[in-house]
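Report on the structure
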Amino acid sequence: VQTALPALPALTDAVPTLKEKLTSAYQQVQTNGDQASLADYARLLHANGFAAEAIQTWRLLMREDPKEGRWPYYLAHLYRDSGDIAETAALLRTATEIAPDYSPAWLQLGDLALKSGQFAAAENYYGQRLQIVPGDPYARLGLARIDLQSDRRNEAINELVELVADHPSFASAHNLLSRLYRERGKDDLAEDHRWSGYQSGRFATAEDPWMRELNVWCFTPEKLFVIGMVDFQTDRGNRGRSEYERAVQVDPMNPGNHELLGDYYRKLNEPDLARESLRASISLAETQGKAPPLLSFINLAAIEREQRRLEVSLRVTDAGILAHPHSPELRVESGLTRQAMGRSAEASAAFLKALELSPNDTAAHFHLGEMRLRDDDVEAAMASFRASLVQQPTFAPALRYLIQYTLSTDRLAEAGTYCDTLLKAYWGDPEVRQLVAILHLRQGRAELSAGAPRGAIQQFQRGFELNPNDIDLAFELGTLQLAQANPRAAIAPLEILLAQRATDPSAHLFLAQAYLMDGRSRRAQSLLENGLILAEQSGQTATAANIREMLSAIRR
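Residues numbered from 1 in each chain as written. Predicted model: local features only at pLDDT ≥ 70, side-chain atom pairs only at ≥ 80, totals over all residues. Heavy atoms only, no water.

1. Regarding the packing of helix 20 (residues 344-357) against helix 21 (residues 362-374)
- The contact between helix 20 and helix 21 brings their axes to 9 Å, and the two run at 150 degrees. With respect to helix 21, the element helix 20 is oriented roughly antiparallel. The crossing of helix 20 and helix 21 is left-handed. Counted together, Ser344, Ala347, Ser348, Phe351, Leu352, Ala354 and Leu355 of helix 20 and Ala364, His365, His367, Leu368 and Met371 of helix 21 form the full contact between these two elements.
- Along the lines of polarity and charge, the residues of the contact of helix 20 with helix 21 split into eight nonpolar, four polar and no charged. (Axes fitted to C-alpha atoms, helices over the stretch in contact; angles between N-to-C directions. Helix = DSSP H or I, 4+ residues; strand = E, 2+ residues; numbered from the N terminus. Parallel < 35°, antiparallel > 145°, perpendicular 65-115°, else oblique. Left-handed = near helix turned anticlockwise from the far one by under 90°. Contact = heavy atoms within 4.5 Å. Nonpolar A, V, L, I, M, F, W, Y, C, P; charged D, E, K, R; others polar.)

Below, the structure written as structure tokens:
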């Protein structure tokens, strides 16, 4: 072991903690040559990015300790990262021979075989994974992909539908279903699954306990931040907290590390810890004669403003602007703080300065638009909201303002453009669907006024699909379908109308008409009898007369 041990890698750029640990581990192996010390040294090499030396050390461990499945498994990951797929697969097979119950190795073998077009082998590997982890979504997704590659699209869709029913938050299956439904022209279903995939968050690879074991051997801040970010975004473990905090511990004199930790604490809604880290970032940089990190000023100013420490926030933004005079973000923060202090003219000037530095800055245009709206300068406000979309076309707050304004001024075509953008980006958001449904209601009424009932039905139907609980849409669609002698199409919206207006005799009358036209006389009679009571109680004599006439016709 001592003879075959690779030399220490170059540690010029390593932080002192890592240098110390690697040097100590190397000397330990050189002193005693035992397997435990050798494994510790290999873990340190692998976890901190010294791939060439780690490969040699894992191979040495495979020779010395051939009954441990971790060694070929770790080695496989290094070869995969280098692009050597054949060696990766061979090492994974070795790992499964030694540790046949370690399911991540089977899953990775399945994925490799699938990408190589070896479908029979992939199916076998996924089957092995499912024996160990029954119902595993990753293996089931792989099997669905095999069906797709084998031109069994119906089977693949059925498998994916079952998969998302069992695992509603499995984003990859939703995204694949969305693509397949779009190919078939089922755009609404495609959007449903695209939104579900979006709501499920970022893709998360299958849990891999052996690889996670390596994380505790990482003492490279950049790598720790990446591990922590992935865990935070995929909501795993302690959401990356230990990695973020350890990154600062191993290199406490780096202002950038404190900056990233402060940003992380802010995302966790822990303002006191965030403030402490951000201040440390700024202080360290100033002590070292460096420009303090921009993100530290931005986050610290925002935290102070959100906690209504407005004078403190203003001092932070002013100091930040001195250090970063070309930052539009700090000008926006300065504007928001001044606005909160009631200093509107200064706030407006700050937003305008941000736009001098970055003419298409979304936040500056938007906040300037809100200020103009409060001053009743509506046209100027809308111009600002439109400008905020140049850099970020799906910026929802601006789109909402523009939709409400264009609807209120009867600019339906323009409102439709904004609605299409907003709905595509936020398909499953109930408030967005309600807003867009209002557009379809207005467009349907415009079609009716123009004498185009078919166009009106299309608009009302689309709005009703987006927001089935809208009473106005249910009424317009139901009664129009009834007038067009389409009773079956009228029934669903009229049932919604009745559910929302249970004491309205007209709702009883309309639905009873639809039931009668569809041959459901008993249900119609029951509705009419109830409707007659309500009409008489409320003094609606004309409606009561119509109901009596219909009841008389049924009884005859």
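2. Digging into the pattern of salt bridges
- By the definition in use, this model includes 43 salt bridges.
- Note that Arg194 is salt-bridged to Glu191, the shortest N-O span being 2.8 Å. One end of the pair, Arg194, and the other, Glu191, are both in helix 11 (residues 187-199), three residues apart, so they sit about a helical turn from each other.
- For Glu191, a relative accessible area of 8% translates into the label buried.
- One salt bridge connects Glu356 with Lys353, and the closest N-O pair in it is separated by 3.4 Å. Placement of the pair is Glu356 and Lys353 together in helix 20, with a separation of three residues, close to one helical turn.
- For Lys353, a relative accessible area of 31% puts it in the partly exposed group.
- Overlapping salt bridges, with partners in common, bring together Asp272, Arg275, Arg279, Glu304 and Arg309 in one network. (Salt bridge = Lys/Arg side-chain N within 4 Å of Asp/Glu carboxyl O. Buried < 20%, exposed > 50% of the residue type's maximum accessible area, 1.4 Å probe, protein only.)

3. Section: the packing of aromatic side chains
- One pass over the full model with this rule turns up 19 aromatic pairs.
- Aromatic side chains Phe232 and Tyr264 sit 5.7 Å apart centroid to centroid with 70 degrees between the ring planes, which places their arrangement in the edge-to-face category. Remark: Tyr264 occurs in helix 15 (residues 255-267) and Phe232 occurs in helix 13 (residues 221-233); sequence separation between them is 32 residues. Taken individually, Phe232 and Tyr264 each receive the classification buried, so the pair is uniform in this respect.
- Ring centres of Phe366 and Tyr401 lie 6.0 Å apart, and the angle between their planes is 40 degrees; this geometry places the pair in the tilted category. Of this pair, Phe366 sits in helix 21 while Tyr401 sits in helix 23 (residues 396-408), placing them 35 residues apart in sequence.
- Since its relative accessible area comes to 25%, Tyr401 is described here as partly exposed.
- It is Arg246 that lies over the ring of Phe219; its NZ or CZ is 5.7 Å from the centre.
- One cation-aromatic arrangement involves Arg433 over Trp427; the distance from NZ or CZ to the ring centre is 4.9 Å. (Phe/Tyr/Trp six-rings, centres within 6.5 Å; stacked < 30°, edge-to-face > 60°. Lys NZ or Arg CZ within 6 Å of the ring centre and 35° of its normal.)

4. Here's the deal with a nonpolar patch on the surface
- There is a patch of nonpolar side chains on the surface, built from Val226, Met229 and Val230 and spanning about 230 Å² of accessible area.
- With respect to the helices and strands, the residue Val230 is situated in helix 13. (Patch = residues over 30% accessible without salt bridge, like charges linked within 9 Å, V, L, I, M, F, W, Y side chains within 5 Å. Areas by Shrake-Rupley, 256 points an atom, 1.4 Å probe, with all protein chains shown as cover.)

5. Here's the deal with the layout of surface pockets
- Here the largest pocket is characterised by a volume of approximately 1,500 Å³.
- Together, 47 residues line the largest pocket, and His77, Arg80, Thr205, Asp208 and Met211 are the ones closest to its centre.
- With seven residues, helix 6 (residues 103-115) is the largest single contributor of residues to the lining of the largest pocket.
- The class makeup of the residues in the lining of the largest pocket is 23 nonpolar, 11 polar and 13 charged.
- Within this model, the second largest pocket holds a volume of roughly 200 Å³.
- Lining the second largest pocket are 15 residues; nearest its centre among them are Asp13, Ala14, Val15, Thr220 and Glu222. (1 Å grid on protein atoms, 1.4 Å probe; cavity = no way out; pocket = protein on both sides within 12 Å on 5 of 7 lines; lining within 4 Å. Points joined across faces, edges and corners; volume = space filled by probe spheres on them.)

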